[in-house]
Amino acid sequence: MDALLKAEGMNTGYDQLQILWDAALEVKAGERVVVLGSNGAGKTTLLKSLVGLLPLWSGTVEFDGQPVHRLRIDGRVRRGMAYMSEVGIIADLSVEDNLRIGGYFSSREKLKSKMEAMFEEFPILKERRQEAAASLSGGQRKMLAAARALMGDPKLLIMDEPSAGLSPLLVTEILNLVKSLEGRNIAFLIAEQNIKFLEVATRVYVLDSGRMIFNGTVDELQRNDAIRRAYFGVDAV
Ligand SMILES: Nc1ncnc2c1ncn2[C@@H]1O[C@H](COP(=O)(O)OP(=O)(O)OP(=O)(O)O)[C@@H](O)[C@H]1O
């Protein structure tokens, strides 16, 4: 199967400081790929350069068979990439209006039906549809960020540390959300340091100091002694 997202030779960073070193990554249609990395490994930098929030110094990104690394983020979103980020949630706007922004490129009829589908998927958002996003709890804001990204009917949903700041119970909710979207033909690329996310992964990359040091299945990861020691503790798995 051809890759939906294929990035090669990614080098980038901030000013003179190089963070990503020749990173490569592939996500096939419908796959759920987790990029595991500790604090400061470069996960956010990687995702930002994939979606167009940070320019690459060198390297290529292809999406759906087309090069996209010279496109701005909106051009990549139109092609079916979605970046789930709470940063884009507008606190003063209602839940409903935030969702409307997520469906910006949809026709009016489509927007209405997508909104209803989201409210079915996320009943808590329906309950609070008229309230300002600022009034939502941390977990509810994540739900809104996910629903907003899904409003655009993406082929690929990119999530940056969805578990950050959430209680274990809410982490389970996010995992359930990812599981519940199985079969919808949405691929996931999830950057995380929480190994619980391996539960939903069909494939894993490990990013270490800006370099991809592993690419394989969860089974293969668990059989890799060096990585197991570094990420799970010697006896953990
Ligand atoms: N705007 C910036 N300017 C300079 N350095 C930055 C900037 N953003 C990130 N960095 C540095 O780049 C490195 C990688 O950061 P990045 O946020 O990509 O890592 P991460 O894996 O997402 O970490 P975390 O889990 O802590 O969010 C870190 O050393 C960080 O200090």
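Everything numeric here is computed off the predicted structure, so don't read it as measured data. Sequence order as written defines residue numbering, which begins from 1 separately in each chain. In keeping with the predicted nature of the model, local features appear solely for residues at pLDDT of at least 70, side-chain atom pairs appear and are counted solely at 80 or more, and the whole-chain, interface and lining totals rest on all residues. Side-chain numbers come from the whole structure's heavy atoms, not from hydrogens or water.

Novice: Would you mind going over a nonpolar patch on the surface with me for this structure?
Specialist: Patch rule: a residue counts if its relative accessible area is over 30% and it has no salt bridge; like charges are joined within 9 Å, and nonpolar side chains (Val, Leu, Ile, Met, Phe, Trp, Tyr) within 5 Å. Note that accessible areas follow from Shrake-Rupley with a 1.4 Å probe, and for residues the cover is restricted to the protein chains shown. Only one rule defines a salt bridge in this text: a Lys or Arg side-chain nitrogen within 4 Å of an Asp or Glu carboxyl oxygen. Together, V77, Y104 and F105 line one region of the surface with nonpolar side chains, adding up to about 320 Å² of accessible area. Remark: exposure states derive from per-residue accessible area (1.4 Å probe, protein chains only) relative to the maximum for the residue type, with buried under 20%, exposed over 50%, and partly exposed in between. Residue V77 is classed as partly exposed on the basis of its relative accessible area of 33%.

Novice: Could you clarify how one ought to interpret the site of the ligand in this entry?
Specialist: Note on definitions. A residue lies near a molecule or strand when any single heavy atom of the residue is within 4 Å of it. Residues in close proximity to the ligand include Y14, I19, S38, N39, G40, A41, G42, K43, T44, T45, E161 and Q193, which together make up its full environment. Here an oxygen atom of the ligand sits 3.1 Å away from a polar atom, N or O, in the main chain of A41. A distance of 2.7 Å separates an oxygen atom of the ligand from a polar atom in the side chain of T44. Coverage of the ligand by the protein amounts to 58% of the 640 Å² it exposes when considered alone. Residue type decides the class: Asp, Glu, Lys and Arg count as charged, Ala, Val, Leu, Ile, Met, Phe, Trp, Tyr, Cys and Pro as nonpolar, and the leftover types, Gly among them, as polar. For the shell around the ligand, a count of residues per class yields 3 nonpolar, 7 polar and 2 charged. Any pair of nitrogen or oxygen atoms within 3.5 Å is treated as a polar contact; in protein, a donor-acceptor pairing is required on top of that, and neighbouring residues in sequence qualify only through side-chain atoms on both sides.

Novice: Where do I start with the side chain of K114 in this structure?
Specialist: Within the element layout of this structure, K114 appears in helix α4 (residues 108-121). Discounting chain neighbours no more than four positions away, the residues touching K114 are L150, M151 and D153. Going along the chain from the N terminus, every DSSP run of H or I of four or more residues is numbered as a helix, and every run of E of two or more is numbered as a strand. Any pair of residues with heavy atoms lying within 4.5 Å of one another is described as a contacting pair.

Novice: So what exactly am I meant to see when it comes to the pattern of salt bridges here?
Specialist: A pair can form between side chains of opposite charge whenever their charged atoms are brought close. Tallying each qualifying case throughout the model produces 17 salt bridges. The structure contains a network of salt bridges with shared partners spanning E96, D97, R100, E116 and R129.

Novice: Before we go on, may I ask you to explain the packing of helix α3 (residues 95-102) against α4 in this structure?
Specialist: In helix packing, the relevant descriptors are the interaxial angle and the interaxial distance, both defined with respect to the helix axes. Every axis corresponds to a line fitted to the C-alpha atoms, with the helix fit spanning only the stretch in contact, and the corresponding angles, defined between N-to-C directions, vary from 0 to 180 degrees. Running from N to C, α3 and α4 cross one another at 125°; their axes reach a closest spacing of 10 Å. Between α3 and α4, the interaxial angle falls into the category oblique. Judged by the twist between their axes, the crossing of α3 over α4 is right-handed. Only L111, M115 and F119 of α4 make contact with α3, whose side of the interface consists of E96, L99 and R100. Along the lines of polarity and charge, the residues of the contact of α3 with α4 split into 4 nonpolar, no polar and 2 charged. Orientation is classified from the angle alone, with under 35 degrees giving roughly parallel, over 145 giving roughly antiparallel, 65 to 115 giving roughly perpendicular, and any other angle giving oblique. Whether a crossing is left-handed or right-handed is set by the direction in which the near helix is turned from the far one by less than a right angle, anticlockwise for left-handed and clockwise for right-handed.

Novice: In this structure, what is going on with the sheet that holds strand β2 (residues 17-28)? I would like to understand it.
Specialist: What links the strands of a sheet is backbone hydrogen bonding, and the strands pair in either a parallel or an antiparallel sense. Any two strands between which DSSP finds at least two bridges are classified as paired. Spatially, 4 strands are ordered β2-β1-β4-β5 in an open sheet, and the strand pairing comes out antiparallel. Each edge of the sheet is formed by a strand with only one pairing partner; in this case those strands are β2 and β5 (66-67). For strand β1 (residues 3-14) and β2, the ladder comprises 8 bridges, and the chain directions are antiparallel. Its bridge partner being in β2, M10 is matched across the sheet by A23. Those strands touched by helix α1 (residues 43-51) are β1, β2 and β4 (58-63), and its axis lies near 120° from that of β1.

Novice: Explain the layout of surface pockets to me, please; I cannot follow it from the model alone.
Specialist: It is a probe the size of a water molecule, rolled over the atoms, that shows where empty space is left. A cavity, in this analysis, means grid points on a 1 Å lattice covering only the protein atoms where a 1.4 Å probe fits yet has no way out; a pocket is instead an open set bounded by protein on both sides within 12 Å along at least five of seven lines, and a residue lines either one if it has an atom within 4 Å of a point. Grid points are joined across faces, edges and corners, and a volume is the space filled by probe spheres set on the points. Volume-wise, the largest pocket comes out at about 840 Å³. What lines the largest pocket is a set of 33 residues, among which I73, V77, A82, Y83 and R148 lie closest to the centre. Secondary-structure elements contributing two or more residues to the lining of the largest pocket are α2 (73-78), β6 (81-84), α3, α4 and α6 (138-150). Split by residue class, the lining of the largest pocket holds 17 nonpolar, 6 polar and 10 charged.

Novice: Is there a simple way to think about unusual backbone geometry in this case?
Specialist: Comment: phi is negative for the bulk of residues other than glycine, and the bulk of peptide bonds are trans. Although it is not a glycine, D153 adopts a positive phi angle of roughly 50°. Mapped onto the fold, D153 is located in the loop between α6 and β7 (156-160). You will see that N185, though not glycine, has its phi angle at about 60°, which is positive. For N185, the position within the fold is in the loop between α7 (168-180) and β8 (187-192).

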